[in-house]
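Spelled out, the chains give:
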Amino acid sequence: MEYRGPDDDFRSFSKWSIRKITFIAILIAISVAFFLIVFQLMPIVSLPAYKISIIGLPIKITGFIFGPVIGAFVGLVSDLFSFALVPTYYNFYFTIAAMLDGIIPGMISWVFLRLIRFLFGGKFRDTLITEKIEKILKKIDKLSLDAVDNQKNIRKLENKVISLYVAQNSKHKLAKRTSVLMNINMFACISVLVTVIMLVTYIVGYKVDNVTIQKGIVPNRIALIIMMVSGYLAMLVFILIARFKLNSKLYLIIVPIVVFSALIELFNVPILSFAEKQSIETSNSEGSLFVYMFQHIILSPVKIWGNMFIIFFTYKIIAPSIYKNRNITY
């Protein structure tokens, strides 16, 4: 299965071109314009914590397609532009959260769509086979200088080259590679989700004191843990079912989207909460960081699934236009 997507050269920041700059500028414009439209309908989204959720969608798509460096740049510019157009209170941690919306998808894209695909999708094996064939062909060239005496050896080497070509292009092998690649993606995704679930359970279950829990909207510790991990658990079930229900092309795209959706929520909730705490509190008003996290935690399952599906379907629409004729240098 040949992949038509990101570059295979493992660069996290590939060469700029007019075409690429144009796409990036369009995505920045979409991010800011989308925020302004939603702001007209719901002014509450001008608050930075909500604004990040709105402008974050194009930023995540940009990072996923173009990599972490460009994703971070788009996050930075989008946040500053949106703040300039609709100023409220500002904290640099809000900008960091916006940049993470581009960095994390870019890193996950690099790992899943390039590294794992290269190592387990057959390309690495094909590279080794190609090198082996080239060495054998060089041996044949040397033996051909005395073809009469080396006829038997030449024939053996030629048969070996043929068998290597057959092994490299066998339909059975290609199908097996796809299956292995899907399994690796599934196990990697499950590992990330289980780690996140265990981390959240440990922090809320053992590190947060009862007084802080009682101040929250959900005063029961067990209920709070269930609420916080419900989105991740649903993702876990979805990934397991999708492995056998979705075709390989869709599955290999949706897995990294699931992973970065989970990780972004894990990182951005405390960052946004800390930024709000610093921006809103006065010297006479101090509260626990965890209290500020409640408003994000309540909506986490919805945000995770909403982001995941919106990004997936948007990516399916945008990516073909970006990857089409991607070798054009202008």
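What counts and how
- Residues numbered from 1 in each chain as written.
- Predicted model: local features only at pLDDT ≥ 70, side-chain atom pairs only at ≥ 80, totals over all residues.
- Heavy atoms only, no water.
- Patch = residues over 30% accessible without salt bridge, like charges linked within 9 Å, V, L, I, M, F, W, Y side chains within 5 Å.
- Areas by Shrake-Rupley, 256 points an atom, 1.4 Å probe, with all protein chains shown as cover.
- Salt bridge = Lys/Arg side-chain N within 4 Å of Asp/Glu carboxyl O.
- Helix = DSSP H or I, 4+ residues; strand = E, 2+ residues; numbered from the N terminus.
- Buried < 20%, exposed > 50% of the residue type's maximum accessible area, 1.4 Å probe, protein only.
- UniProt positions renumbered as here; feature names shortened; annotations may be inferred.
- Phe/Tyr/Trp six-rings, centres within 6.5 Å; stacked < 30°, edge-to-face > 60°.
- Lys NZ or Arg CZ within 6 Å of the ring centre and 35° of its normal.
- Core = buried A, V, L, I, M, F, W, Y, C linked by side-chain atoms within 4.5 Å.
- Contact = heavy atoms within 4.5 Å.
- Expected span 1.5 Å × (residues − 1).
- Bend = angle between axes of the 7 residues up to and from the residue.
- Axes fitted to C-alpha atoms, helices over the stretch in contact; angles between N-to-C directions.
- Parallel < 35°, antiparallel > 145°, perpendicular 65-115°, else oblique.
- Left-handed = near helix turned anticlockwise from the far one by under 90°.

The name given to the chain in an unreviewed UniProt entry is ECF transporter S component, and the organism recorded there is Mycoplasmopsis californica HAZ160_1.

A.B. asks: I'm lost on a nonpolar patch on the surface in this one. Help?
C.D. replies: Where nonpolar side chains cluster on the molecular surface, the patch consists of Ile 37, Leu 41, Met 42, Ile 44 and Tyr 50 and spans about 520 Å² of accessible area. Looking at where Ile 37 falls in the secondary structure, it is placed in helix H1 (residues 18-41). The exposure class assigned to Ile 37 is exposed, which follows from its relative accessible area of 53%.

A.B. asks: Whenever I open this one, the UniProt feature "transmembrane region" (unreviewed entry) in the chain confuses me. Can you help?
C.D. replies: With numbering aligned to this structure, UniProt lists the feature "transmembrane region" (unreviewed entry) at residues 20-42, 63-86, 92-113, 180-202, 222-243, 250-269 and 289-315. Here residues 180-202 is 100% helix and 0% strand, with 33 Å between the C-alpha atoms at its ends.

A.B. asks: How do you make sense of the packing of aromatic side chains when you look at a structure like this?
C.D. replies: The geometry of an aromatic ring pair comes down to the distance between the two centres and the angle between the two planes. Summed over the entire model, instances satisfying the criterion amount to nine aromatic pairs. Between the aromatic rings of Tyr 202 and Tyr 206, the centroid separation amounts to 5.9 Å while the plane-to-plane angle is 35°, which identifies the pairing as tilted. A residue pair is termed a helical-turn pair when its members lie 3 or 4 positions apart in one helix, as Tyr 202 and Tyr 206 do in helix H7 (residues 171-207) at four residues. Tyr 202 gets classed as partly exposed once you look at its relative accessible area, which sits at 42%. Summarising the aromatic geometry, the rings of Phe 312 and Phe 313 are spaced 5.2 Å apart at their centres and angled 70° between planes, so their arrangement reads as edge-to-face. According to the relative accessible area criterion, Phe 312 is buried, its value standing at 7%. Members of the aromatic cluster, connected to one another through ring pairs, are Phe 238, Phe 309, Phe 312 and Phe 313. Cation over ring: Arg 243 sits above Phe 244, and NZ or CZ is 5.4 Å from the ring centre.

A.B. asks: What's the story with the nonpolar core in this structure? I'm lost.
C.D. replies: Side chains of nonpolar character tend, in soluble globular proteins, to be buried together. Formed by 72 residues in total, the largest nonpolar core has its most connected members in Leu 193, Ile 239, Ile 257, Val 258 and Phe 260. Those elements that provide at least two residues to this core are H1, helix H2 (48-66), helix H3 (68-85), helix H4 (92-120), H7, helix H9 (221-245), helix H10 (248-280) and helix H11 (289-323). The biggest single contributor to this core is H10, with 15 residues. Setting aside its immediate chain neighbours within four residues, Phe 260 contacts Lys 60, Phe 64, Ile 104, Pro 105, Ile 108 and Ile 311.

A.B. asks: What is the right way to look at the pattern of salt bridges in this model?
C.D. replies: Close approach of charged atoms lets side chains of opposite charge pair. The final tally for this structure, using the stated rule, is one salt bridge. Between Asp 79 and Lys 51 there is a salt bridge, with the nearest N and O atoms lying 3.1 Å from each other. Note that Asp 79 is positioned in helix H3 and Lys 51 in helix H2, a separation of 28 residues in sequence. In this structure Asp 79 comes out as buried when scored by relative accessible area, which is 0%. On the basis of relative accessible area, Lys 51 is assigned to the buried category, the value being 4%.

A.B. asks: Where do I start with the side chain of Ser 82 in this structure?
C.D. replies: Mapped onto the fold, Ser 82 is located in helix H3. A relative accessible area of 0% places Ser 82 in the buried class. Not counting the four nearest positions on each side in its chain, Ser 82 is found in contact with Phe 35, Lys 51 and Ile 55.

A.B. asks: When you look at H2 in this model, what are you seeing that I'm missing?
C.D. replies: The α-helix winds at 3.6 residues per turn, so residues separated by three or four positions along the chain end up facing the same way. If you check H2, its first and last C-alpha atoms are 25 Å apart, about what 19 residues at 1.5 Å a residue would give, namely 27 Å. Helix geometry: H2 is bent most strongly at Gly 56, by close to 45°, with proline Pro 58 lying one to four residues after it. Following H2 by one or two positions, Gly 67 has its phi on the positive side, about 105°.

A.B. asks: Can you walk me through the packing of H2 against H4 in this structure?
C.D. replies: Axis angle and axis distance: for two packed helices, these are the angle between their axes and the distance between the axes, and together they describe the pair. Two elements in contact, H2 and H4, have axes whose closest approach is 8 Å; the angle formed by their N-to-C orientations is 30°. If you check the angle between H2 and H4, you find them roughly parallel. The hand of the H2/H4 crossing is right-handed. On H4, the residues that touch Pro 48, Ala 49, Ile 52, Gly 56, Ile 59, Lys 60, Gly 63, Phe 64 and Ile 65 of H2 are Phe 94, Ala 97, Ala 98, Asp 101, Gly 102, Pro 105, Gly 106, Ser 109, Leu 113 and Arg 114.

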